[in-house]
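Structural characterization, general
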Amino acid sequence: MKTKILKKGLFLLILPLFAFVMAHKFYVSVTNIGYSEKEDALQITCRIFIDDLESVLEERYDFKGHLATDKESETANTFIERYLKTKFAVQIDDEDMIYEFLGKKYDNDVVICYLEIPKIDLKNKSSIRIRNEVLTDLFDEQQNIVHFRVDGNKKSFVLTKSDTNGMLNL
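Residues numbered from 1 in each chain as written. Predicted model: local features only at pLDDT ≥ 70, side-chain atom pairs only at ≥ 80, totals over all residues. Heavy atoms only, no water.

1. Observations concerning the nonpolar core
Counting residues in hydrophobic clusters, the biggest one holds 42 residues, and the most contacted among them are Leu42, Leu53, Leu57, Leu84, Phe88, Val90 and Ile128. Excluding anything up to four places from it in sequence, Ile128 contacts Leu42, Val90, Gln91, Ile92, Leu122, Phe148, Val150, Gly166, Met167, Leu168 and Leu170. (Core = buried A, V, L, I, M, F, W, Y, C linked by side-chain atoms within 4.5 Å. Buried < 20%, exposed > 50% of the residue type's maximum accessible area, 1.4 Å probe, protein only. Contact = heavy atoms within 4.5 Å.)

Structure representation (structure tokens):
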């Protein structure tokens, strides 16, 4: 009898700890931007949690993509590209750049999106500005980490809903 009460008491003490751990989630994406002299292009990778991306696609476009499953929609890339074009932008010397969505791959619970801005003569440019609002329309706590690696310069930013822009002077 005492053991049963002790087990119930212990369970009631531990239960709130599990609830706190289960309820807490980090909302983060990581974007790497590098310049390839060989390709004369800015190469960009965006790492986003699959479940977060699915949630925002469903919220914004009423699109259930079933990403990273056997039931993945054939139009998933179209919706991902559409979303990124509205939430992620690159300016070079205050000029809006058009990037190509090259595709995506999955790595565990993350989707890696590949973007590229071809034919950039970066040697004659002075600044790159990034606007990254990915998932900030769905999660107030969202943080978008951006790493620049251009011409030997390295700079990183943590962008949030209230501060969505980062800049690198070349």
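2. What to know about the sheet that holds strand E3 (residues 88-92)
The antiparallel open sheet is built from four strands, whose spatial order is E4-E3-E7-E10. For this open sheet the edge positions go to strand E4 (95-96) and strand E10 (165-169), each flanked by a neighbour on one side alone. Judged from the two bridges that link them, E3 and E4 form a sheet pairing that is antiparallel. From the neighbouring strand, Gln91 faces E4, where its bridge partner is Asp96. Along the sheet face, helix H3 (residues 76-87) touches E3 and strand E7 (127-132) and points at about 50 degrees away from the line of E3. (Pairing = 2+ DSSP bridges. Helix = DSSP H or I, 4+ residues; strand = E, 2+ residues; numbered from the N terminus. Axes fitted to C-alpha atoms, helices over the stretch in contact; angles between N-to-C directions.)

3. Focus: the packing of aromatic side chains
Taken as a whole, this structure holds five aromatic pairs when the rule is applied. On the numbers, 4.0 Å between centres and 20 degrees between planes, the contact of Tyr27 with Phe139 is stacked. Of the two residues, Tyr27 sits in the loop between helix H1 (2-23) and strand E1 (28-36) while Phe139 sits in the loop between E7 and strand E8 (143-150), which places them 112 residues apart along the sequence. On the basis of an interplanar angle of 65 degrees and a centroid distance of 5.8 Å, the ring pair of Phe88 and Tyr99 is categorised as edge-to-face. Here the residue Phe88 occupies a position in strand E3, and Tyr99 occupies one in the loop between E4 and strand E5 (100-107), the gap between them amounting to 11 residues. Counting every residue linked through ring pairs, the aromatic cluster contains Tyr61, Phe63 and Phe79. (Phe/Tyr/Trp six-rings, centres within 6.5 Å; stacked < 30°, edge-to-face > 60°.)

4. Remarks on H3
Every α-helix carries 3.6 residues per turn, so stepping three or four residues along brings you back to the same face. Across its 12 residues, H3 extends 17 Å between first and last C-alpha, which sits within 8% of the 16 Å expected from 1.5 Å per residue. For H3, the set of buried residues is Ala76, Phe79, Ile80, Tyr83, Leu84 and Lys87. Projected down its long axis, H3 carries its buried residues within an arc of 130 degrees, all on one side. Among the structural elements, strand E2 (41-49), helix H2 (50-61), E3, E5, strand E6 (110-118) and E7 are those in contact with the buried residues of H3. (Expected span 1.5 Å × (residues − 1). Arc of directions from axis to C-beta.)

5. As for the pattern of salt bridges
On inspection of all chains with the given rule, the structure shows seven salt bridges. In this structure, Asp137 and Lys87 form a salt bridge, with 3.9 Å as the shortest nitrogen-oxygen distance. Pair noted here: Asp137 is in the loop between E7 and E8 and Lys87 is in helix H3, with a separation of 50 residues, a long-range link. Since its relative accessible area comes to 32%, Asp137 is described here as partly exposed. Taking the relative accessible area as the measure of exposure, Lys87 reaches 11% and is therefore buried. Between Asp140 and Lys161 there is a salt bridge, with the nearest N and O atoms lying 2.8 Å from each other. (Salt bridge = Lys/Arg side-chain N within 4 Å of Asp/Glu carboxyl O.)

6. Quick look at H2
Between its first and last C-alpha, H2 extends 16 Å over 12 residues, near the 16 Å set by a 1.5 Å rise per residue. Among all positions of H2, only Ile50, Asp52, Leu53, Val56, Leu57 and Tyr61 are buried. Projected down its long axis, H2 shows its buried positions confined to an angular sector of 160 degrees, all on one face. Packing partners of the buried residues in H2 comprise E2, H3, E5 and E6.

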